[in-house]
Amino acid sequence: MSFGQGGPSQQWDPWKPNSQQPWSGGGADRSPDWAALADASEARAKRRRLLFIGGGALATVAIGTAVAVAVVSANGGNQASPGASSQLPGASDLPSPTGTVPSFAPTSAPPPLDPNDFIASAVKDKAPLSPDILFPGTQLTMGETVYKKGPTADTENCASAAKATLPKALTDNACTRLIRVTYTKDDVAVTVGVAVFDTQAQAAKARQQADKKSIIKSLSGGGVKDFCSGAVCRSTTNTVGRYAYFTLAGFTDGKNVTEQDKVVFATGDDLQEFTFRQIRRRGEAQASAAANE
């Protein structure tokens, strides 16, 4: 009886279980086909290497995918969702880097009025004027010094209250009024004279024409002794607006004033400063009143 001859020959596959190993011939003394076994072993090793290489590639792809997912997940909070770009604010909606500039409603308030305009011309300078208005009270305090107010005078004949070269300067420039007042401190007296003109230009020209001999007459009486009648006294000349103002300061005992007599100079300076302030306040008061009308 023979076996294995009736059907098709079975191909041996080393990877299939129970497959028949081929032989080179029949009979009990047949030996294994060593060349076939070697070829099968090499094929098996080659296939295993291919599996290892393919598996490594798959592992690398898997790791790369995991890293990519991890990076996306880590940055997910900063990534915009699909379509989010349409929800971003436009450039016009973003706040200005310099902030919002405040806007103010237009005001109808007129510009402040200049006090100098009201004391520059008789057309605007309409406030009442008198010795007691210009020099109020019974005494004057300048710093720590107190001066006692003496007699006052007011005349439209400006030349009659002036001496030497001053009457001509006042008359030539149409002086309309001259107000005088005297203040005393111990044995020093000073008379202040304020000459009034219609315009600022007339007052300025009168000052330009005045010289060292242009002085006002000292005003005595009411307990104030005559002074500066024949003695040397110190005088000053200034203007503000349509007003020219003068001082004449000296000793009530008839003594001449010298450059060392600082108290006489200080007295004249105090009174000319006060006179300037009073005329200036006159302009301020009228400017304020006009602005509130």
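Every value quoted in this text rests on a predicted model; they were computed, and no experiment measured them.

Caption draft 1: Region of interest: the sheet that holds strand β5 (residues 188-196). Judged by pairing direction, the sheet is antiparallel, and its six strands sit side by side in the order β1-β2-β4-β5-β8-β7 without closing on themselves. Where the open sheet ends on each side, the last strands, each with one partner, are β1 (139-142) and β7 (234-240). Pairwise comparison of adjacent strand axes, ignoring direction, gives a mean angle of 25° for this sheet. One ladder, built from seven bridges, connects β7 with strand β8 (residues 243-251); its direction is antiparallel.

Caption draft 2: Local environment of the environment of S130. Locating S130 in the fold gives a position in the loop between α2 (115-118) and α3 (131-134). Separated by 24 residues in the primary sequence, S130 and D154 have C-alpha atoms spaced 7.6 Å apart. Once residues lying within four places of it in the same chain are set aside, the contact partners of S130 are R177 and I179.

Caption draft 3: How the structure looks around the pairing of strand β4 (residues 177-185). Among the nine residues that make up β4, seven are buried, leaving the element largely enclosed by the rest of the structure. The sheet contact formed by β4 and β5 spans nine bridges and is antiparallel. Bridge pairing in β5 places K185 opposite V188. Hairpin connection, β4 to β5: the antiparallel pair is bridged by two residues, and D186 has positive phi, about 55°.

Caption draft 4: Focus on the state of the cysteines. Counted according to the given criterion, the structure contains two disulfides. Through a disulfide, C158 is tied to C175; the S-S separation comes to 2.1 Å. A torsion of -75° about the S-S bond marks the disulfide between C158 and C175 as left-handed. Highlighted residues: C158 in the loop between β2 (145-155) and β3 (162-164) and C175 in the loop between α4 (166-172) and β4, separated in sequence by 17 residues.

Caption draft 5: Layout of the nonpolar core. F135, L140, Y183, V194, Y243, L271 and I279 are the most contacted members of the largest nonpolar core, which totals 25 residues. Within the residue set of this core, elements represented by two or more residues are β1, β4, β5, β8 and α6 (262-291). In terms of residue count, β5 provides more of this core than any other element does, five residues in total. Leaving out residues up to four positions away in the same chain, Y183 has contacts with F135, L140, Y147, K148, K149, G150, V188, A189, V190, L271 and F274. In this structure, C158, A162, F197 and F227 belong to the second largest nonpolar core, which totals 20 residues.

Caption draft 6: Region of the structure containing the environment of A203. In this structure, A203 sits in helix α5 (residues 200-209). When its relative accessible area of 0% is taken as the criterion, A203 is described as buried. Once the C-alpha coordinates of A203 and T239 are considered, the two residues, 36 residues apart in sequence, prove to be 6.6 Å apart. Apart from the residues within four sequence positions on either side, A203 is in contact with F197, T239, G241, R242, Y243 and A244.

Procedures and definitions
- Residues numbered from 1 in each chain as written.
- Predicted model: local features only at pLDDT ≥ 70, side-chain atom pairs only at ≥ 80, totals over all residues.
- Heavy atoms only, no water.
- Pairing = 2+ DSSP bridges.
- Helix = DSSP H or I, 4+ residues; strand = E, 2+ residues; numbered from the N terminus.
- Axes fitted to C-alpha atoms, helices over the stretch in contact; angles between N-to-C directions.
- Contact = heavy atoms within 4.5 Å.
- Buried < 20%, exposed > 50% of the residue type's maximum accessible area, 1.4 Å probe, protein only.
- Disulfide = S-S within 2.5 Å.
- Core = buried A, V, L, I, M, F, W, Y, C linked by side-chain atoms within 4.5 Å.

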